[in-house]
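Chain by chain, the residues:
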Amino acid sequence: LTSGLESAWKKLKGEEVLTKENIVEPMRDIRRALLEADVSLPVVRRFVQAVSDQAVGVGLIRGVKPDQQLVKIVNEELVKLMGGEVSELVFAKSGPTVILLAGLQGVGKTTVSAKLAYYLKKQGKSCMLVAGDVYRPAAIDQLVILGEQVDVPVYTEGTEVKPSEIARQGLTEAKKKKVDVVIVDTAGRLQIDKGMMDELKDVKRVLNPTEVLLVVDAMTGQEAAALVTTFNIEIGITGAILTKLDGDSRGGAALSVKEVSGKPIKLVGRGERMEDLEPFYPDRMAGRILGMGDVLSFVEKAQEVMQQEDAEELQKKIMSAKFDFNDFLKQTRSVARMGSMTRVLGMIPGMGKVTPAQVREAEKSLKIMEGMIEAMTPEEREKPELLAESPIRRKRIAQDSGKTEQQVSQLVAQLFQMRVRMKNLMGVMEGGSIPALSN
Ligand code: GDP
Ligand code: MG
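Within each chain, residue numbers correspond to sequence positions counted from 1 in written order. Whichever chain is written first becomes A and whichever ligand is written first becomes 1, with later ones labelled in order. In keeping with the model being predicted, local features are shown solely for residues with a pLDDT of at least 70 and side-chain atom pairs are shown and tallied solely at 80 or more, while totals for entire chains, interfaces and linings include all residues.

Going by the annotation in an unreviewed UniProt entry, the name recorded for the chain is signal-recognition-particle GTPase, with Dipteronia dyeriana given as the source organism. According to its UniProt record, the chain has this under Catalytic activity (unreviewed entry): "GTP + H2O = GDP + phosphate + H(+)". UniProt positions are given in the numbering used here, feature names are shortened, and annotations may be inferred rather than shown by experiment. We quote the UniProt Sequence similarities (unreviewed entry) comment for the chain here in full: "Belongs to the GTP-binding SRP family. SRP54 subfamily."

Here's what the structure looks like:
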């Protein structure tokens, strides 16, 4: 999606204002980019129309270039398309809050059940999980194991009892135990079929749930629109949870959910660990889609491990592209402390797709980088230019850290690339330059 959009912006370079004529080409690129990102056609049509109307109607803002203006409008429309604001979970006024999870097989329902229990527990709510997938004993075991992991009780009845009956008994049990939230996991099928829908309807009738959340795999793409529509019409959903956002997803599903159902995405799953569940922020998702990376999420995550002022400092440096080796080191160290590299790497602009093997590789190369940075003088860390200019310095660092000169050169080049990326990110359009290392 990002590269398609970039060509859209480029076409407006040199233009003074946005007109009906000069947005035709960029809009075509945007349309193509959205379709390539697997957004469904009707959604794309409405989106492009909305952006065009906005763009031509808008007056010239002094100091803002037309391409930037178009980025801004696209961004705003994307945010709107995804629901605008964060949509919080709704809790029952009295008695337990019941959350029913539905969705196709393998999308991450069982994982989400446990993640959600963990997420709510952190907010001080007591939870209970109900194993409603009776078709495979393994599915029940999976929930029991995850329940143990997050220390939340799991109500099971084995595979002989009907899901609606399990739901009824689970709910009774939850009321008796006075838990705050009951999360009901259900069985999925590979495709939508009547059996699954009927079963879900039965379960829903019994539970009268506060939330019916459709779990959608972010990789679903185009079909997400039809899927969400069908579930919403058949059983009635209150929102969706988008999973596997850490993977190689093109974002199409995220854009379709709200538009076709009127129901918001409430939470996103970004990994297999129990802590990898967070609220869905339409503005950040829009930024990510536009290729600006998820700087806000990144800074927020960093805040959990860094001092507040450190994080602000980092944000300032990212903005002003003064990011030096000290920041690099500080960041890599806190990244190590953050545990999962996957998420963090995914948030850095230009580093969208990360596999577990790449993560291990990245962790290894972080160690190597650390060694080299430690061999730098304080001055060199603050002024990477010194290293770009002086092969002698690079040679010394290579010797002191036991690495090759080539590895040192690579590290220096990498820092400058990062600076440029960050600068691009903030100036949206301005290009930066990467100095050639002198020999
Ligand atoms: P269910 O059939 O809908 O219950 O799906 P599961 O919860 O069993 O998940 C299917 C697979 O997807 C499992 O291997 C999970 O570990 C994995 N999974 C679930 N959520 C995520 C996520 O957010 N990111 C990644 N990378 N994997 C996930
Ligand atoms: Mg399951």
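There's plenty left to go through after this.
What am I meant to see in the overall build of the chain here?
The numbering of helices and of strands both runs from the N terminus, where a helix is a DSSP run of H or I of at least 4 residues and a strand a run of E of at least 2. Secondary structure summary: the chain contains 20 helices and eight strands in total. Comment: burial labels come from other C-beta atoms within 10 Å of the residue's own C-beta, placed from the backbone, where a count of 20 or more is buried, 12 or fewer is exposed, and between is partly exposed. Of all 439 residues assigned to the chain, the portion counted as buried reaches 44%. Any pair of residues counts as being in contact when their C-beta atoms, constructed from backbone geometry, are within 7 Å of one another. In the chain, once contacts between residues fewer than 6 apart in sequence are set aside, the share between residues at least 24 apart is 73%.

How should the site of ligand 1 be read in this particular structure?
With respect to spatial proximity, 18 residues lie near ligand 1, and among them Gly108, Lys109, Thr110, Thr111 and Gly269 are the closest. Here the shell around ligand 1 takes three residues from helix α5 (residues 109-122), the largest share from any one element. Grouping the constituent residues of the shell around ligand 1 by class yields one nonpolar, 11 polar and six charged. By convention here, the C-beta atom is placed from the backbone, and a residue is near a molecule or strand when that atom is within 6 Å of it. Charged means Asp, Glu, Lys or Arg here, nonpolar means Ala, Val, Leu, Ile, Met, Phe, Trp, Tyr, Cys or Pro, and polar covers whatever is left, Gly included.

It is not clear to me how the confidence of the model for the chain should be interpreted in this structure. Could you clarify?
Low-confidence regions, as indicated by low pLDDT, have predicted coordinates that should not be scrutinised in detail. Averaged over all residues, the pLDDT of the chain equals 81, while 75% of them reach at least 70. Confidence of the predictor at the level of single residues is captured by pLDDT, which takes values from 0 to 100. Mean pLDDT per element in the chain: helix α12 (residues 295-305) is the minimum at 46, and strand β1 (residues 97-102) is the maximum at 98. Scored below 50 in pLDDT, residues 337-345 makes 24 contacts in the model with residues more than four places away or belonging to other chains. Taken together, the stretch residues 427-433 has pLDDT below 50 and engages in 14 contacts with residues farther than four places along the chain or on a different chain.

Even after reading the chapter, I still don't get the nonpolar core, so can you show me in this structure?
Considering soluble globular proteins, one finds that nonpolar side chains tend to be buried as a cluster. Linking buried Ala, Val, Leu, Ile, Met, Phe, Trp, Tyr and Cys residues through C-beta atoms within 7 Å yields a set, and such a set is a nonpolar core. Core analysis: the largest hydrophobic core is formed by 92 residues, its most contacted members being Leu129, Ile183, Val184, Val216 and Leu242. In terms of residue count, α5 provides more of this core than any other element does, seven residues in total. Domain segmentation is taken from an automatic or database assignment of domains. Taken domain by domain, this core gets at least three of its residues from each of domain 1 (2-81) and domain 2 (97-289). By size, the runner-up hydrophobic cluster in this structure holds 15 residues, among which are Leu387, Ile397, Phe416 and Met418.

What is the right way to read unusual backbone geometry from this model?
Backbone geometry places Lys178, a non-glycine residue, at a positive phi of 55°. Along the polypeptide, Lys178 turns up in the loop between α7 (163-177) and β4 (181-186). In this structure, Lys244 takes a positive phi of about 60° despite not being glycine. As for its position among the elements, Lys244 is in the loop between β6 (239-243) and α10 (252-261).

How should α5 be read in this particular structure?
Since there are 3.6 residues in each turn of an α-helix, residues three or four apart along the chain are aligned in direction. Under the convention used throughout, the expected extent of a helix is 1.5 Å for every residue step, that is, one less than its residue count. Between its first and last C-alpha atoms α5 spans 20 Å; for 14 residues at 1.5 Å apiece the expected length is 20 Å, and the two agree. The first or second residue beyond α5 is Gly124, which carries a positive phi of 85°.

Sorry if this is basic, but what is going on with the UniProt feature "domain: SRP54-type proteins GTP-binding" (unreviewed entry) in the chain here?
Here, UniProt's "domain: SRP54-type proteins GTP-binding" (unreviewed entry) annotation points to residues 264-277. Counting secondary structure, residues 264-277 comes out at 0% helix and 43% strand; the distance between its end C-alpha atoms is 16 Å.

Looking at this structure, how should I read the sheet that holds strand β2 (residues 127-132)?
Either a parallel or an antiparallel arrangement is found when strands of a sheet pair, and the pairing is made through backbone hydrogen bonds. Across the sheet, which stays open at both edges, the eight strands sit in the order β3-β2-β4-β1-β5-β6-β7-β8 with mixed pairing between neighbours. Among the strands making up the open sheet, the edge pair consists of β3 (154-155) and β8 (277-279). Two strands are counted as paired when DSSP detects at least two bridges linking them. In the sheet, strand β5 (residues 211-217) pairs with β6 via five bridges, with the strands oriented parallel. Note on β6: the bridge partner recorded for Val215 is Ile241. Here an axis means a line fitted to C-alpha atoms, over the contact stretch when the element is a helix, while the angle between two N-to-C directions is reported on a 0 to 180 degree scale. This element, α5, spans β1, β2, β4, β5, β6, β7 (265-269) and β8 of the sheet and lies at about 170° to β4. Contacts between helix α6 (residues 137-150) and the sheet are confined to β2, β3 and β4, with β2 contributing the most and set at about 165° to the helix.

Looking at this structure, how should I read the pairing of β2?
Along any regular strand, the residues point their side chains to alternate faces of the sheet. Most of β2 sits inside the fold, with six of its six residues counted as buried. The two faces of β2 match: Cys127, Leu129 and Ala131 on one face and Met128, Val130 and Gly132 on the other face are all buried. Both β2 and β4 contribute to a ladder of six bridges, which runs parallel. Looking at the pairing, Gly132 lines up with Thr186 of β4. Summarising the sheet, β2 and β3 pair through two bridges and their orientation is parallel.

I keep staring at the packing of α5 against α6 and nothing clicks. Help me out?
Two numbers describe a pair of packed helices, the interaxial angle and the distance between the axes. The geometry of α5 relative to α6 is characterised by a closest axis approach of 9 Å and an angle of 20° between their N-to-C directions. Of the possible angle classes, the one that applies to α5 and α6 is roughly parallel. In the crossing of α5 with α6, the sense of the turn from one axis to the other is right-handed. Contact with α5, carried on its side by Thr110, Ser113, Ala114, Ala117, Tyr118 and Lys121, involves Ala139, Gln142, Leu143, Leu146, Gly147, Gln149 and Val150 of α6 and no other residues of that element. A breakdown of the residues in the contact of α5 with α6 according to their chemical character gives seven nonpolar, five polar and one charged. For this classification, under 35 degrees means roughly parallel, over 145 means roughly antiparallel, 65 to 115 means roughly perpendicular, and everything else is oblique. By definition, any crossing whose near helix is turned counterclockwise from its far helix by less than a right angle is left-handed, and any crossing with a clockwise turn is right-handed.

Mind showing me how you'd approach the pairing of β1 here?
Most of β1 sits inside the fold, with six of its six residues counted as buried. Of the two faces of β1, the one carrying Thr97, Ile99 and Leu101 and the one carrying Val98, Leu100 and Ala102 are both buried. Across four bridges, β1 lies against β4 in parallel orientation. Across the sheet, the residue bridging to Leu100 is Val184, located in β4. Pairing between β1 and β5: four bridges, direction parallel. Residue pairing in the sheet places Ala102 in a bridge with Leu214 of β5.

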